[in-house]
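Per-entry structural report
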Amino acid sequence: MTRRRGSALLLVLWLLVLLAGVVALGLGGARTGTGAARNRLALLRAGWAREACLEILRSRARGLPEDSLVPRVLRVDSVDLGQGIWCEATVADPAERLQLNRAAERALAVLFGDSAAAGAVVAGRPWPAVEALPAPLARWAAWLTVRGVGLVNLNAAPREVLATLPGVGPDGAAALAAFRSPARPLRSIDEAIAALPEASRVRVLARYDQFAAAITFRPSELVVIATGHAGGGGLATAVTATLVPAGGRLAVIRREAE
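The model shown is predicted, which means the values in this text are computed figures rather than measured ones.

Whether parallel or antiparallel, the strands of a sheet pair through hydrogen bonds between backbone atoms. Taken in spatial order, the five strands line up as E1-E2-E7-E8-E9 in an open sheet, and their pairing is antiparallel. Edge strands, defined here as strands with exactly one partner in the open sheet, are strand E1 (76–82) and strand E9 (250–257). The sheet shows a mean angle of 25° between the axes of neighbouring strands, taken without regard to direction. With seven bridges connecting them, strand E8 (residues 235–245) and E9 associate as antiparallel partners.

Let's shift gears to the nonpolar core. Residues Leu108, Phe112, Leu144, Leu154, Leu165, Leu176 and Phe211 are the most contacted members of the largest nonpolar core, which totals 38 residues. Listed by contribution, the elements that provide at least two residues to this core are helix H3 (105–112), helix H4 (115–123), helix H5 (159–162), helix H6 (169–179), helix H7 (189–194) and helix H9 (208–214). Here the element with the most residues in this core is H3; it accounts for five residues. Among all residues touching phenylalanine 211, those that are not within four sequence positions of it are Leu154, Leu165, Pro166, Val168, Ile189, Ile193 and Val204. One finds Cys53, Cys87, Val91 and Val224 within the second-largest nonpolar core, a separate group that totals 19 residues.

Applying the stated criterion across every chain yields a total of two aromatic pairs. Considering the side-chain rings of phenylalanine 112 and tryptophan 140, the 6.3 Å spacing of their centres and the 50° angle between planes classify their relative orientation as tilted. Here phenylalanine 112, found in helix H3, pairs with tryptophan 140, found in the loop between H4 and strand E4 (144–145); they are 28 residues apart in sequence, far enough to count as distant. The pair formed by phenylalanine 112 and tryptophan 140 is uniform in burial state, with each residue classed as buried. On the numbers, 5.8 Å between centres and 50° between planes, the contact of tryptophan 140 with tryptophan 143 is tilted. According to the relative accessible area criterion, tryptophan 140 is buried, its value standing at 13%. Here the aromatic residues Phe112, Trp140 and Trp143 are joined through ring pairs into a cluster of three or more.

Bringing the side chain of arginine 207 into the picture now. Note on placement: arginine 207 falls in the loop between helix H8 (198–206) and H9. In terms of polar contacts, arginine 207 uses its side chain to reach the side chain of glutamine 210, at 2.9 Å. Excluding its chain neighbours within four sequence positions, the residues that come into contact with arginine 207 are Arg106, Pro166 and Gly167.

This prediction gives the protein chain a mean pLDDT of 87; 85% of its residues lie at or above 70. Note on residues 1–27: pLDDT under 50 across the span, and zero contacts to partners over four residues away in sequence or across chains.

For the rest of this paragraph, the subject is unusual backbone geometry. Glycine aside, residues mostly have negative phi, and peptide bonds are mostly found in the trans state. Residue arginine 125 is joined to proline 126 through a cis peptide bond whose omega torsion reads 0°. The topology assignment puts proline 126 in the loop between H4 and E4. Located in the positive-phi region is serine 78, a residue other than glycine, with phi close to 40°. Within the element layout of this structure, serine 78 appears in strand E1. The backbone of glutamine 83 sits at a positive phi, close to 60°, despite the residue not being glycine. Mapped onto the elements of the fold, glutamine 83 is located in the loop between E1 and strand E2 (85–92).

Turning our eyes to something else, we now look at the pattern of salt bridges. Across all of its chains, the model carries seven salt bridges by this definition. Notably, a salt bridge pairs glutamate 55 with arginine 58, separated by 3.2 Å at the nearest N-O pair. One end of the pair, glutamate 55, and the other, arginine 58, are both in helix H1 (residues 2–61), three residues apart, so they sit about a helical turn from each other. A relative accessible area of 36% places glutamate 55 in the partly exposed class. Accessibility expressed as a relative area gives 16% for arginine 58, which makes it buried. Aspartate 171 serves as the salt-bridge partner of arginine 203, at 2.7 Å between the closest nitrogen and oxygen.

Attention now moves to the environment of alanine 156. For alanine 156, the location among the structural elements is in the loop between strand E5 (152–153) and H5. Judged by its relative accessible area of 25%, alanine 156 falls in the partly exposed class. In the structure, alanine 156 is positioned 62 residues away from arginine 218 in sequence and 8.1 Å away in space, judged by C-alpha atoms. Sequence-distant contacts of alanine 156, that is, excluding residues within four places in its chain, are made with Asp93, Glu96 and Arg180.

How each quantity is defined
- Residues numbered from 1 in each chain as written.
- Predicted model: local features only at pLDDT ≥ 70, side-chain atom pairs only at ≥ 80, totals over all residues.
- Heavy atoms only, no water.
- Pairing = 2+ DSSP bridges.
- Helix = DSSP H or I, 4+ residues; strand = E, 2+ residues; numbered from the N terminus.
- Axes fitted to C-alpha atoms, helices over the stretch in contact; angles between N-to-C directions.
- Core = buried A, V, L, I, M, F, W, Y, C linked by side-chain atoms within 4.5 Å.
- Buried < 20%, exposed > 50% of the residue type's maximum accessible area, 1.4 Å probe, protein only.
- Contact = heavy atoms within 4.5 Å.
- Phe/Tyr/Trp six-rings, centres within 6.5 Å; stacked < 30°, edge-to-face > 60°.
- Polar contact = N/O pair within 3.5 Å; in protein donor to acceptor, adjacent residues only side chain to side chain.
- pLDDT = per-residue confidence, 0-100.
- Salt bridge = Lys/Arg side-chain N within 4 Å of Asp/Glu carboxyl O.

Structural data, given as structure tokens:
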């Protein structure tokens, strides 16, 4: 009899433990569900902030001349949208860099200082990203891109990229960089050639058609990364958008959500 009572008591205790576990699991699930719902709401708010930042940037561009649509003018820094929501947008002009999948092998050889490396890069096209290049070429990543149409912006490209243009060379690149300024941008091929030192000018004139086909004086497209932030948990969502000037505004032609 005593043994039966002991067994019954043990069974009751096990049932109580099991019931407590089920209750705890239910409460934990409820807490997890509430946390997940809160995170989903925060991400929705961050998405709204992201889109707001993209529209702020586009509104800045309305009515501006095309040669004024440059990253330093359009960038959006930490806009507080209230309720713990804020956004930012970085802007890049692909024409400031050499287009990895479109650049002439000779231009790549000038940048790398190595014709064999340039030939290997051309043979490996198309490259999905600059980061996919072999490690020895990683130091050139800052001057390369896989975006854009392959033109080089004379008013924005650094000397290293300008030097790759047909006939320009290091001396011509230094002269172009010294001549241009935000207040006095280059506006024509003749003006650009006139700014070159004599030796570079002779080389460029000998390859005039190639030089003219490789350059631009303003961004033909811009790549924008707009990021929205919500709450204190560091939740964020971003979109990469490609925009092109169109009738006094910037039109979105491509979106790549995070």
